[in-house]
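Residues per chain are reported as follows:
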Amino acid sequence: MGSTSAQGSNTNMKMMKKASSEAWSPTDGDKHKQNGPQLTAGCGCTKSGSPEEGEKRNQGRVEDQINEEHLQRIEAMFHEADTDGGGGLDMEEFREAIKKIMGDIDDEDVDIIFMKVDTNCDGGVDWDEYLNYMLLEYREKDSLQKQNRPLYFPKPLKIVPVAHCEPIVRLQFYPFQTPQAEKNGGQGRAVPKTRVQLGRYLSISRDGILNYWSERFKLTRTVNLDQLKRAPPSTSIQQIWVTDMICLSNLNLLAISSTGRDVEFYDISASKCDIVFSLTGLEGYVVVMDYWSDGTKAVFSIGDIEGYVSVFISSDVLQYGLFNSGAFKSGGNCRIPVPALLKNTSKYFLCFKVALHNNWCHQIRFLPELNAVATCCASDQTSMVLTTVPHSQKAKIHNSCFQLRKGILCFDYSPEFNILVTGGFDRIVRIWNPYVNNCATSQMKGHSTAITHIVVNSSDNKIISISKDKNVRVWDLQDCACLQNIHSRNVTMSRFPISSFHYNRDTNTLVLATFLIGVLHGVVDDVDTLHKLQTSHEQPLCTALYNTNFKQVVSGCHNGVVSVWEILTGEKIMQFQTSPEKAVEVTAMTFDGPKRRLITGSKDGTLRLWNFNNGALLATLPILNDNEVTGVIYINQRIYVSGWSKRVMWYLDVKEDMEMEYRIWNQYHAEDIYSMHAHGNKMLVTASYSGDIIVWNIDSGRAFCRFNACESPRPLLPNRVIDRSAFDRFEASESKGSFDESEWTDSSEDRGEATVSQSSQGVSVGPGAPPPCPPSPQEDKDSSCNSAPEMIQEEESGAEKENEKTHQKKSPKQRRKSGKPQPISAVELEKPRLAVEKALFLGTRERSPDTAILLTSAADGYVYAWSIHHLGGLLGKFRAVHSEGTAISTMSTDLQDQMLLTGDSTGYIMLWDIERYCFCMQGEREGLAPLEKAVHLPSLIPRYCKMTGPRRMKVEKRTEVVDGWSVSLTPPPLLSSWRGHLKGIVSLEYVERFRLIVTASLDCNVRLWTIAGSYIGTFGQAQWRVGDPHAFPWELPVDLRRVGSCQTLKVLNQGTQPHWNCAKRILETLTQQKLRHTAMASAASDVQEMMPADPRIAQYSNDQIEETWQHWQEKGKQTSAILGLAYKQKVRHHLPSCPPDLQVSFSSREQLRVYKSMPYTSLLPIIQPPVPELLKEQQQKTQDGADMLGKQKRNNKRGAHVRFSSAKGARRKSIAPKQQTRGGSSIT
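Residues numbered from 1 in each chain as written. Predicted model: local features only at pLDDT ≥ 70, side-chain atom pairs only at ≥ 80, totals over all residues. Heavy atoms only, no water.

### Examining helix α6 (residues 107-117)
Step number 1: Counting buried residues in α6 gives 8 out of 11 residues, a clear majority hidden from the surface.
Step number 2: Along α6, the residues classified as buried are V110, D111, I112, I113, F114, M115, K116 and V117. (Buried < 20%, exposed > 50% of the residue type's maximum accessible area, 1.4 Å probe, protein only. Helix = DSSP H or I, 4+ residues; strand = E, 2+ residues; numbered from the N terminus.)

This is the structure we're talking about:
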């Protein structure tokens, strides 16, 4: 190799070493996959169940075991083993080289590596080719791991409304039961005895409002601390703010610091919140606090605004208390001077104060593993300081300073890894060794503003950081990569930064606080539940293929994503996007001849070739048509393509330096092609939406046969379809005397025998005769087909030409004007029901008039068996679905054509024995050799899989005669049937080597089954080990357990009937009820016999008793001797014992919701009782007296007014004008 190649190899070598060291490190998901429940394949998987093979599978793939040393030796072996000097290694040389390095390895495993690298099938592999392949594989593997990592906080932020006018300065968790020994230390970081520690949350705002919250953040209590203080309120103008709060859980105390330079301790045991004592005499007010206790020893640390740190240690906090009681007077609400505590001489207490920072402390915490107090501030020289706690009062205090530009705002310590994690104004998350303070071991960048809060979860290898702009990031502690980025726009907690937070490691809950409270619920250790909810793909599947070389399943979905799975374990080993620029649906896939490359067809008509083992794009074929591709087949170094273009085209598979060659066959389909399949390398079949089935000769590209079950059971002549624009050009050239025959004939076909005749959908063209006027265009089946060019069909026939001399020629313009749109005909409406969904050749059968070698499935749910011989036709058909409106969407067979596998649009899988179905139906078997079958597959199906009950397939008649042709209606034996998916199955393939069935569905899942119907697993969920007898039993999917029928559950449970015991108990209960009814009937008959003997009953006949009962029932009332007819029987209404427990959300509390109403009757109008005459006279007299008294009073007032006016004339004169002006007239 040249120098350039060597330099490139060295560069790739370095990159691959780095990729191999990072990409293959086991993550949490991989650990779970390795240690999770493993599933067996069940029946029919004994080939891979040997202990030696299982041990090799547990070791992993060979390429996964290659390390850096192996790569160096492989590079040297490439040069040494190249004995022929060709620049590369062939398969034999490659096998010997790998065995010398890796030891005893199976030839099959080495050959798999060689075939993965040698995608161009030139038979040689050089060092650059091998290195590039491994590098791409590592890159895609790393990308796959990143994509498949589950979100640490999958749920959105939940906002808890808080009635605070000031921001929350601290949020703490107060446990109900404090453990006796706290070994992790610091702020309630104890390891509880139970899985989840119960307790409540406490939050305090800057203005002293203390709130109690339940674990689900329901507000239970609110306390105003200013109202609890016994001292009179301060008359100072400056308001006192709360700076910090810490819970002393084992003492049932709550310490609160404020700008008043006091630290107050409250008793919060039970439901109390009373101040007990306070620390006074501090030089500066306390801004941060910390408390740690292991049940005996306790450390209380505080840091003030001037950078001083004070530490108070008690050797036995439960016996002697937190502070030395001898330094102060005991009593209620006592004040403890800090200078007196610092003069402590007791051996049970230790107190010291040091000046560490020239700025105020941002965080303080005691680290018991290091026996040091860690503090940080926004200073360059003393960014973080570790202060060793002395063992006695006389011991010297040692400090270790960490210097960082712009300082450190937050930190956390991991005792499991012995690391410190910090964040600050420089927006970088750093990891430090506590004993190396001059340089950080690693850095993680991503935040755009200052990091204010940080926490480490050592059990999950995660770091959670919060920046000033409310950006929450989750980092991987091992890879130092960002796993999740929660943008600030998703943290809708006002415009202010996060002021406090609390992380609960037990429940993986992150609580954020500003003026509001936000809760992020993370993923707990229930990974099995998460895996059960996952699907194989995010979008519905289009197909799934099995590769026999690499023992892999390749699946593609509507999002353009291709995934590669190990069939033996279910592990996803590769995933790539077929259209990175824009997600385009993958509609068809196939392998090339050697099965080393993947060919994909997309909805936009693009065809691509891939190395699916590393996701490398090898080639993109020219786009001849932008319509959807529905079928791709690789035959004889050619890639045959069909789809909505209604044509069949092929590309020649050439090397990179050669020119691409392609051909387009003549069009014989008037509708979209739905399916395509090949019989060996000689015949090709295509099926369309209209029900036409065309059989082609691959060598000549000639359509020699057509079938349509709705037209005739016999073979038909193909109808050629010609583009309308070409037909117009033909007429134009004919009118000018110039006729180009190349537009109407194919160079590969002989059109001399073509005659002119008219078909139902178009006009056929024959040599030497002018084409007749085509019919007016009809509407197609959908809007996309309406834009397609108008077509003319040409029917190949040996009949004589009709007389067309009288045909009037029209110009293209006149013809277009004369064409009028017609309504949709009945034929067009029937096309969806007649569409052929799948066409399948039986490759082991030969052409014969009485042998069907072609199976097709239509949208009506029937499977049709065809003989493509010129004397053959439709030999049989049978219904292969359970219900009406269901279609067979996919079919497949084994290599020997013993068994037919069908999947329908409702998710059912059916297995049919077709070994003798429509095979030599007339009994002519002289020329047929007996079929030698190594294993009779139908015999492997257990008896419990067979259909029983009302869903069993029933046939009313055995044959049907259509146009004189006899068609068999007898279905082949149904071996098994079960529901494998909730939605339609799009792909179904039988794996011959392991006797497994791979299914892909529109429900986004790819599943694996045994031939007996046992469920192995869903790709993308928990892994399994095929054939391992020591593997754990499988668990049925949740969706199938919920909707599975009796037959489905019987097959999936291997014949056991878990739900039948319940049905049996129900039948027994019904039988007992029937016996009780029989006993009651016999007792009634005994009463009838006793009635004539009773004198009280004997005096009434049966008719009289019945009449009396009906009369009482119609009246609905009883009479009373006292009340008479006014008596009404009391009706009791049965009310519920208690109202239902309604789960009402917070947002719906303001709305009135009626969930129950009491029984009531309509209100009757109130009828006033009649008034007696005597009472009427008395009321009338009273009213008359009142009227007379009122008249006398008015007369007296009027006379007094007249006398007053005569005496005061002058005043009357002054008043009169006012009255005149006011009333508008004078008063006389």
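### Quick word on empty space enclosed by the protein
Step number 1: Evaluated as defined, the whole model comprises 6 cavities of 30 Å³ or more.
Step number 2: When its volume is computed, the second largest cavity comes out at roughly 100 Å³.
Step number 3: Lining the second largest cavity are 14 residues, with N625, N627, V629, V641 and M649 positioned closest to its centre.
Step number 4: Of all the elements in the fold, those that place two or more residues in the lining of the second largest cavity are β39 (638-643) and β40 (648-652).
Step number 5: Looking at which element gives the most residues to the lining of the second largest cavity, the answer is β39, with 3 residues. (1 Å grid on protein atoms, 1.4 Å probe; cavity = no way out; pocket = protein on both sides within 12 Å on 5 of 7 lines; lining within 4 Å. Points joined across faces, edges and corners; volume = space filled by probe spheres on them.)

### Re the pattern of salt bridges
Step number 1: Here the structure, examined in full by the defined rule, presents 19 salt bridges.
Step number 2: A salt bridge links R597 to D653, with the shortest nitrogen-to-oxygen separation between them at 2.5 Å. Placement of the pair is R597 in the loop between β34 (586-591) and β35 (598-602) and D653 in the loop between β40 and β41 (662-664), with a sequence separation of 56 residues. Across this residue pair, the class does not change: R597 and D653 are buried.
Step number 3: A salt bridge links D699 to K682; its shortest N-O distance comes to 3.7 Å. Taken together, the residues D699 in the loop between β44 (693-697) and β45 (702-708) and K682 in the loop between β42 (673-679) and β43 (683-688) connect sequence positions 17 residues apart. (Salt bridge = Lys/Arg side-chain N within 4 Å of Asp/Glu carboxyl O.)

### Considerations on the sheet that holds strand β27 (residues 500-504)
Step number 1: If you walk across this open sheet you meet the 4 strands as β1-β29-β28-β27, and the pairing is antiparallel. Pairing within the sheet leaves two strands with one partner each, and these edge strands are β1 (158-160) and β27. Mean inter-strand twist for the sheet, computed between neighbouring axes without regard to direction, equals 20°. (Pairing = 2+ DSSP bridges. Axes fitted to C-alpha atoms, helices over the stretch in contact; angles between N-to-C directions.)

### Focus on the confidence of the model for the protein chain
Step number 1: For the protein chain, the average pLDDT comes to 76, and 67% of its residues sit at 70 or higher.
Step number 2: Contacts of residues 1-59 to residues separated by more than four positions or lying in other chains number 111 contacts, the stretch itself having pLDDT below 50.
Step number 3: Low pLDDT (under 50) marks residues 179-195, which in the prediction has 35 contacts with non-local residues, meaning those over four places away or in another chain. (pLDDT = per-residue confidence, 0-100. Contact = heavy atoms within 4.5 Å.)

### As for the sheet that holds strand β5 (residues 219-224)
Step number 1: If you trace the 4 strands from one edge of the open sheet to the other, you get β2-β3-β4-β5, paired in antiparallel fashion. Since the sheet does not close on itself, it has two edges, and those belong to β2 (168-175) and β5, each with one partner. Here the strands of the sheet are splayed against their neighbours by 20° on average, with no regard to which way each runs.
Step number 2: Pairing geometry for strand β4 (residues 209-213) and β5, over 5 bridges, is antiparallel.

### Overview of the packing of aromatic side chains
Step number 1: One pass over the full model with this rule turns up 32 aromatic pairs.
Step number 2: Ring geometry for W213 versus F217: centroids 6.3 Å apart, planes at 50°, classification tilted.
Step number 3: Under the relative-accessibility criterion, W213 is labelled buried at 3%.
Step number 4: Take F217: its relative accessible area is 8%, and that puts it in the buried class.
Step number 5: Here the guanidinium or amino end of R206 rests over the ring plane of W241, the centre of that ring lying 4.7 Å away.
Step number 6: Of note, K877 hangs over the ring of Y862, and the distance from its end group to the ring centre comes to 5.3 Å. (Phe/Tyr/Trp six-rings, centres within 6.5 Å; stacked < 30°, edge-to-face > 60°. Lys NZ or Arg CZ within 6 Å of the ring centre and 35° of its normal.)

### Side note on the nonpolar core
Step number 1: Counting residues in each nonpolar core, the largest one holds 39 residues, and the members touching the most others are I693, I868, L900 and W912.
Step number 2: If we ignore the near neighbours within four places in the chain, the residues touching I693 are V685, T686, A687, C705, R706, F707, V836, L854, T856 and W866.
Step number 3: Within the second largest apolar cluster, 24 residues are counted, among which are M289, Y291, V317 and I336. (Core = buried A, V, L, I, M, F, W, Y, C linked by side-chain atoms within 4.5 Å.)

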